[in-house]
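What follows is each chain in one-letter form.
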Amino acid sequence: MRELVAKFIVISGYAEFNLVLGLVSDYPYHADLVAQFCHGKDIAAGWTRKPDLYEILEKHWKVRGGGWADIDLESRHWKFFGHSSAYGACDSGDLSFVVTEHPFFASYSITIA
């Protein structure tokens with residue numbers, strides 16, 4: 001069995017939801033995911049409390065919470081769970097919307113705990 005452990009954040013803006021994922025070994029804080037997303041989209045943001053809180057300054061973008069993901073590559077199963085201590089838990093409806101609408105997840109089974 002090959003398993004990966006990741007952190008995730010859901011960010012909304014301009015009528016879209018974005019699931020931002022990163023391996024825990026590469027992204028020790030959820031804020032690192034927010035920072036990467038903002039840099040990639042050229043969104044005004046900055047560190048409120050480094051290293052664990054990165055704040056989006058543009059009003060139409062919002063961090064909607066985050067948590068953890070266990071990914072089992074052999075069984076093609078993703079389990080989303082928990083919460084971010086800095087950004088709180090992601091609404092299960094928001095997360096469910098993202099994973100059901102995005103074609104990447106079509107060939108995976110998904111659990112949202």
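Everything below is about the structure printed above this text.
Let me begin by describing the structure that accompanies this report.

Rules behind the numbers
- Every chain begins its residue count from 1, and numbering advances along the sequence as written.
- Thresholds applied to this predicted model are a pLDDT of at least 70 for local features of residues and 80 or more for the giving and counting of side-chain atom pairs; totals over whole chains, interfaces and linings are not thresholded and use all residues.
- Where side-chain values are given, they derive from all heavy atoms of the structure, hydrogens and water being excluded.
- Burial here depends on accessible area, computed with a 1.4 Å probe over protein chains only, as a share of the maximum for the residue type. Under 20% is buried, over 50% is exposed, and the range in between is partly exposed.
- Only DSSP runs of H or I with at least four residues qualify as helices, and only runs of E with at least two residues qualify as strands; both kinds are numbered from the N terminus onward.
- Think of it as the arc spanned by the lines of direction from the helix axis to the C-beta atoms.
- In what follows, a contact means two residues having at least one pair of non-hydrogen atoms within 4.5 Å.
- By the criterion applied in these results, polar contacts are pairs of N or O atoms within 3.5 Å in which, for protein atoms, one can donate a hydrogen and the other can accept it, and in which residues neighboring in sequence qualify only through two side-chain atoms.
- Here the aromatic set is Phe, Tyr and Trp, taking the six-membered ring for Trp, and pairing holds for ring centres within 6.5 Å; pairs whose planes are under 30 degrees apart are stacked, those over 60 apart are edge-to-face, and all others are tilted.
- Only when the NZ atom of a Lys or the CZ atom of an Arg is both within 6 Å of the ring centre and within 35 degrees of the ring normal do we say a charge sits over the ring.

## Some remarks on helix α2 (residues 92–101)
Restricting attention to buried positions, one finds in α2 the residues Asp94, Leu95, Val98 and Val99. Projected down its long axis, α2 shows its buried positions confined to an angular sector of 120°, all on one face. The exposed residues of α2 that point more than 90 degrees off its buried face are Thr100 and Glu101. Along its buried surface, α2 packs onto β1 (3–13), β2 (16–23), β5 (61–72), β6 (77–81) and β7 (109–112). For α2, the side-chain oxygen to backbone nitrogen distance between the N-cap and Gly93 is 2.8 Å, and the N-cap itself is Asp91.

## Observations concerning the packing of aromatic side chains
Per the stated rule, a full pass over the model turns up 12 aromatic pairs. A ring pair is formed by Phe17 and Phe97, whose centres lie 5.6 Å apart and whose planes are at 65°; its orientation type is edge-to-face. Of the two residues, Phe17 sits in strand β2 while Phe97 sits in helix α2, which places them 80 residues apart along the sequence. Taking relative accessible area as the criterion, Phe17 reaches 30% and is therefore assigned partly exposed. A ring pair is formed by Phe104 and Phe105, whose centres lie 5.0 Å apart and whose planes are at 90°; its orientation type is edge-to-face. A relative accessible area of 42% means that Phe104 is categorised as partly exposed. Within the aromatic cluster, the residues linked to one another by ring pairs are Phe8, Trp78, Phe80, Phe104, Phe105 and Tyr108. The ring of Phe81 has Lys79 lying over it, and the distance from NZ or CZ to the ring centre is 5.5 Å.

## Quick word on unusual backbone geometry
Between Lys50 and Pro51 the backbone carries a cis peptide bond, its omega angle lying at 15°. Of note, Ala15 is a non-glycine position whose phi angle comes to about 60°, a positive value. Positionally, Ala15 belongs in the loop between β1 and β2. Accessibility expressed as a relative area gives 85% for Ala15, which makes it exposed.

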